[in-house]
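Okay, here's what each chain looks like letter by letter:
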Amino acid sequence: HAKEQNQFVAFYREGFDEAHLRRLAIVEQLPKAIANGGFKLVAQPKVLASTGRTVAAEILIRWHDETLGWVGPDEFIPLAEQSGMITEITHWVVKQAEHWVNQLLQLQDEIKLSINISAVDLINDKLANDLIALSQRNMQRYLILEVTESALMHEPEKSIACLQMLSELGYEISIDDYGTGYSSLSQIRRLPINELKIDRAFIQYLMSQPEDQSIVRSTIQLAHELNLRVVAEGVEDEASWRWLAEHQCDVLQGYYFSKPISFDDLHLRLLKEKEH
Ligand code: C2E
Ligand code: CA
Ligand code: CA
Ligand code: CA
């Protein structure tokens, strides 16, 4: 038994050390990725529930490092936030988003791109200044800023003031991962928000979980009473699409419609839809 236990301890420690070392390596490689353009962006279409047509796309970051391999955003974004490097990453994402919007506008005059904003971005001036500059080039009508409830809890007054300013400039604000935080709609109704994204956790088992159906149904109702657009994320099958459309959910996103795709593929998709 003692031997087994020792093996377990050794295994556990090794596992722990490996994860720890990987995190250290990520923090070490991040500045290089930022400096050398090591990131790539992909986009996941957001479709109208009633027709299935693409009305927007969410921009998601990807990183492949020579030694680390693929590093998922869930893995490196929290580390980039802790080390302050997220500010530079968001700056780059915003710049790319403007470039994409300009390209897509040559194809059609209605398109919205969502970008993910971190808590840190709402409390320093970099993002605010970037978005003020973009609004002078009329970009605000094409961008949606996705913010989680927990990002707002970080430094509520400062973050809410920042959102207020951005909303007044004309940017749309979306509450991401809704339902996983502790706030309720009654608490966030005073925020300048336009869209509510119901977290994937409530959508994933929608067809087999009556409780999830109740939650989603009442969230959609209440959100509509507050004049918010409702997005369901993580839609993976047709039955869920039907159900969500019947229950007046406005916009859907998920593997059933498309996985995150390259800019070229997004462009192609919009082109094809235009022809039909
Ligand atoms: P999120 O904002 O909730 O993004 C949605 C995530 O769900 C994406 O994972 C997407 O690929 C995944 N997803 C979409 N549809 C489905 C589906 O039908 N089924 C399943 N199982 N998954 C689906 P991804 O790209 O790995 O991003 C993870 C998180 O990383 C994002 O969650 C977001 O919080 C963060 N993130 C990604 N890109 C950025 C960025 O540029 N800046 C910041 N600050 N955060 C980012
Ligand atoms: Ca998001
Ligand atoms: Ca989300
Ligand atoms: Ca998420």
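J.: Mind showing me how you'd approach the pattern of salt bridges here?
T.: Side chains bearing opposite charge may pair, as long as their charged atoms lie close to each other. Inspection of the entire model under this criterion finds 11 salt bridges. Measuring nitrogen to oxygen at the nearest pair gives 2.4 Å for the salt bridge that ties Glu172 to Arg229. Separated by 57 residues along the polypeptide, Glu172 in strand β6 (residues 172-178) and Arg229 in strand β8 (residues 229-233) bring together distant segments of the chain. Residue Glu172 is classed as buried on the basis of its relative accessible area, which comes to 15%.

J.: Which parts of the structure should I look at to understand the coordination of the calcium ion (ligand 4)?
T.: Reference geometry at the metal: tetrahedral coordination by four donors gives ideal angles of 109.5 degrees; octahedral coordination by six donors gives 90 or 180 degrees. The protein atoms that coordinate the calcium ion (ligand 4) are Asp177 (OD) and Asp177 (OD), at distances spanning 2.7 to 3.1 Å. You can see Asp177 is positioned in strand β6.

J.: What am I meant to see in the site of ligand 1 here?
T.: Neighbouring ligand 1 are 22 residues, the closest being Gln44, Arg62, Asp176, Glu236 and Tyr255. One nitrogen or oxygen atom from the side chain of Asp177 is found 3.2 Å from an oxygen atom belonging to ligand 1. In this structure, Arg200 approaches ligand 1 through a side-chain N or O atom, which is 3.1 Å from a nitrogen atom. Relative to its free-state accessible area of 800 Å², ligand 1 is covered by the protein chains to the extent of 85%. Residue assignment for the shell around ligand 1 shows that the elements contributing at least two residues are β2 (54-65), α2 (73-82), α3 (86-105) and β6. With four residues, β2 is the largest single contributor of residues to the shell around ligand 1. For the shell around ligand 1, the per-class residue count stands at nine nonpolar, five polar and eight charged.

J.: I keep staring at the confidence of the model for the chain and nothing clicks. Help me out?
T.: Low-pLDDT portions of the prediction should not be read for the details of their coordinates. The predicted model of the chain has a mean per-residue pLDDT of 93, with 94% of residues at 70 or higher. Among the scores for the predicted complex, ipTM is 0.98 and pTM is 0.94.

J.: Quick question: what am I supposed to make of the packing of aromatic side chains here?
T.: The description of an aromatic ring pair uses the distance of the two centres, along with the angle that the planes make with each other. Enumeration according to the criterion identifies eight aromatic pairs in this entry. Between Phe39 and Trp92, the aromatic rings sit 6.1 Å apart at their centres with planes inclined by 45°, giving tilted as the arrangement. Placement of Phe39 in strand β1 (residues 39-48) and of Trp92 in helix α3 is noted, with a sequence separation of 53 residues between them. A centroid spacing of 4.8 Å and a plane angle of 45° characterise the contact between Trp100 and Phe263, whose relative ring orientation is tilted. Taken together, the residues span a long stretch of sequence, with Trp100 in helix α3 and Phe263 in helix α12 (residues 263-275) at a distance of 163 residues.

J.: In this structure, what is going on with the side chain of Ser114? I would like to understand it.
T.: Structurally, the position occupied by Ser114 is in strand β4 (residues 112-116). Setting aside its immediate chain neighbours within four residues, Ser114 contacts Lys46, Ala57, Glu58, Ile59, Ile144 and Glu146.

J.: Mind showing me how you'd approach the pairing of β8 here?
T.: For a regular strand, side chains alternate in direction, first toward one face of the sheet and then toward the other. By the criterion of burial, β8 is predominantly enclosed, with four of the five residues buried. Relative to strand β9 (residues 251-253), β8 runs parallel, the two being bridged by three bridges. Looking at β9, one finds that Val231 is bridged to Val251. Running through helix α11 (residues 238-246), the crossover from β8 to the neighbouring parallel element β9 is right-handed.

Parameters at a glance
- Residues numbered from 1 in each chain as written.
- Chains lettered and ligands numbered in written order.
- Predicted model: local features only at pLDDT ≥ 70, side-chain atom pairs only at ≥ 80, totals over all residues.
- Heavy atoms only, no water.
- Salt bridge = Lys/Arg side-chain N within 4 Å of Asp/Glu carboxyl O.
- Helix = DSSP H or I, 4+ residues; strand = E, 2+ residues; numbered from the N terminus.
- Buried < 20%, exposed > 50% of the residue type's maximum accessible area, 1.4 Å probe, protein only.
- Donors = N, O, S within 2.8 Å, 3.2 Å for Na, K, Ca; no water.
- Near = heavy atom within 4 Å.
- Polar contact = N/O pair within 3.5 Å; in protein donor to acceptor, adjacent residues only side chain to side chain.
- Areas by Shrake-Rupley, 256 points an atom, 1.4 Å probe, with all protein chains shown as cover.
- Nonpolar A, V, L, I, M, F, W, Y, C, P; charged D, E, K, R; others polar.
- pLDDT = per-residue confidence, 0-100.
- Phe/Tyr/Trp six-rings, centres within 6.5 Å; stacked < 30°, edge-to-face > 60°.
- Contact = heavy atoms within 4.5 Å.
- Pairing = 2+ DSSP bridges.
- Right-handed = clockwise from strand over helix to strand, strands pointing away.

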